[in-house]
Amino acid sequence: MAALATFAGGAPSLSFERASLLASQCRTPDEVLRAHAFLLRRGWGDHPIISFKLQRAYASLGLLHSAHSVVNCSQNPNVFAFSSLIDSYALSPQPHQSLLLFLQMLSLQVSPNAFTFSSLLKSTSIPHSIALHSHVLKLGLVSDLYVSTSLLDAYTRAGDVVSARKVFDMMPVKNLVSLTAMITCYTKLGDINEARMLFDESHEKDVVIWNVMIDGYAQHGQPEQSLALFREMLLRKKVRPNGVTLLGVLSACAQMGDLELGKWVHSYIKNNEIKLNLQLETALIDMYCKCGNLEDACSVFDRITIKDVVAWNSMIIGYAMHGRSQEALQLFSQMCELQLQPTDITFIGILSACSHAGMVSEGRRFFKLMKKEYAIQPKIEHYGCMVDLLGRAGYIEEAYELVNSMQMESDPVIWGSLLGSCTLHRKLDLGEKIADFLVKNDLANSGTYILLSNLYAAAGKWEEVARVRTLMKDKGIQKEPGCSLIQVDNKTHEFVAGDTKHQKIKGIYNMLEELGVLLKREGYVPETETVLHDIDESEKERVLQVHSEKLAIAYGLISTKPGTTIRIVKNLRVCLDCHTVTKLISKITGRRIVVRDRNRFHHFENGSCSCGDYW
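Here's a quick rundown of the structure. (Residues numbered from 1 in each chain as written. Predicted model: local features only at pLDDT ≥ 70, side-chain atom pairs only at ≥ 80, totals over all residues. Heavy atoms only, no water.)

## Looking at empty space enclosed by the protein
Enumeration according to the criterion identifies one cavity of 30 Å³ or more in this entry. Considering the residues around the largest cavity, the lining is formed by His-133, Val-142, Ser-148, Val-167, Met-170 and Met-171. Here the residues of the lining of the largest cavity sort into four nonpolar, two polar and no charged. (1 Å grid on protein atoms, 1.4 Å probe; cavity = no way out; pocket = protein on both sides within 12 Å on 5 of 7 lines; lining within 4 Å. Points joined across faces, edges and corners; volume = space filled by probe spheres on them. Nonpolar A, V, L, I, M, F, W, Y, C, P; charged D, E, K, R; others polar.)

Dropping the structure here:
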């Protein structure tokens, strides 16, 4: 260290200015240790300002133990020394040390100030926040904006919205930082309406507050509102979106299946020189996968130079949901070859890939591998994948035993999956047993009753079907209506079965009639056994003809240019008849049709489907 050599070669006495400069110039651990030793020999070790600068030098290099030693060795450490070190510990892997320092500070009768509390509150849990809050009140620091904002933030992290709101309401001045902190608290706990009320009350909005609200909607299942708010942000033009904004928007696009907006966001990133970091790249992969564009997802993935496990997981899950199970397993092998440690999410993707392709032996192997080789304990999602895999492949008893052997409490989703397999394979006795268990344990939902009704209908037990439906009516349980979405010219159109409300409904039904003629020429016979109602065959055919996805496809055919890919999002599982019809439509029209249902993607092209008729 040149400066130390210069000082060492100088006069025996060392001025305060030169000692202060020496303590401030340290850039490495070796330099600060040598400087500290030199200053101690020259008699400056106990000077409060020199000690403080040495302490800060140690802390800036991550040597918190040494910084703490400087404070302990000081004859009269002041509030600035303690507060500075508290701040360093609060942001370190040892945040508990900040509380111990605070107690040490009080024991030495050093009175804390606003900076002490604002630093200390960065790392505290709810019991400590309450204790610190009382100290703040005693010292009259509650009116300090930084302290009150830090208190609000601490309660937010602890999920205590009531205390956070009390602090917020007591603040004499509410700035954008405190307002954003309160909105964050509401969005974190899912109280989106309260968050929006505060958001609308803010006259000056920066990009952070917009980001919190946009992401809040996206994270709590309100993607439409998230995208609407994003469009409003763009119209305001005062605040430009940044990478964080676009993470929330891409999440909303993925939920909505809004490929056009997702592509626009990708272009916006490129055209506005927004840094494309790994988080954004992974969000793009997720969006493209969930919007049915696996090709672009692969393109983004391939361009990432250094991929973390999250990026690999997103692509594996993407392949799985599109029925590209072999590619998912190959990607897993590549990931392991690079010595990346798989996570529980990785195995959800792998087991899902096995389930979508009926790869039972592979699924069993990966389920064992997860526990044995990687010490990952199965979660409810892993059991869900295995139950779905075994049940749909016909190994229903094995699936039932697996559920009963679980080390955790099973949820209605897993039992629903098993009940669905009973319906698929006409296992009436076991289906009744499962349904009875769910009802008795108050785990039944609308899906339980629908699946039981379908099970009876498939067995021709119409009296039992009527009994279940009467029970649903008595309990006020309603079946979730099937609906299908299609986006044309950046506008989303929604259809339900038998819809007559669309402005182009006449053209839609005309197209269905034309398709009906062409389908019969191809040898199509309606799958009337999928209509689980006690009605005649002609009525069943009419019911099948107006399913929501057929209406959406017909609208796509009359509203887009020949050769355009038609993309549909459906909230329920695609039925057998719609699957057969869509395959034939893709052959007749030469269109590629991509349907995202509740479970997976189906890519229909030239009369066949990517699922291989296994879904």
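From this point, the discussion proceeds with the structure in view.
## A word on the packing of helix H25 (residues 396-405) against helix H26 (residues 412-424)
Between H25 and H26, the least distance of the axes is 10 Å, while the angle of their chain directions is 165 degrees. In terms of orientation, H25 and H26 fall into the roughly antiparallel class. You can see that H25 and H26 cross each other, and the crossing is left-handed. The residues of H26 that touch H25, namely those facing Ile-396, Ala-399, Tyr-400, Val-403 and Asn-404, are Ile-414, Trp-415, Leu-418, Ser-421 and Cys-422. (Axes fitted to C-alpha atoms, helices over the stretch in contact; angles between N-to-C directions. Helix = DSSP H or I, 4+ residues; strand = E, 2+ residues; numbered from the N terminus. Parallel < 35°, antiparallel > 145°, perpendicular 65-115°, else oblique. Left-handed = near helix turned anticlockwise from the far one by under 90°. Contact = heavy atoms within 4.5 Å.)

## Quick word on the sheet that holds strand E1 (residues 483-488)
The strand order across the open sheet formed by six strands is E2-E1-E3-E4-E5-E6, and the pairing between neighbours is mixed. A single partner strand is all that each edge strand has here, and the edge strands are strand E2 (491-496) and strand E6 (608-609). Sheet topology note: the strand E4 (residues 593-596)/strand E5 (residues 601-605) ladder contains four bridges and is antiparallel. Residue Ile-593 lies in a different strand from E5, and its bridge partner there is Phe-604. Its contacts with the sheet put helix H32 (residues 548-559) on E1, E2, strand E3 (566-570) and E4, and the angle it makes with E1 is roughly 15 degrees. (Pairing = 2+ DSSP bridges.)

## Section: unusual backbone geometry
Of note, the phi angle at Glu-273 is positive, near 55 degrees, even though the residue is not glycine. Along the chain, Glu-273 turns up in the loop between helix H17 (259-271) and helix H18 (278-290). For Glu-273, a relative accessible area of 75% translates into the label exposed. Even without being a glycine, Asn-606 presents a positive backbone phi close to 55 degrees. Relative to the helices and strands, Asn-606 is located in the loop between E5 and E6. The exposed category is assigned to Asn-606, whose relative accessible area is 62%. (Buried < 20%, exposed > 50% of the residue type's maximum accessible area, 1.4 Å probe, protein only.)

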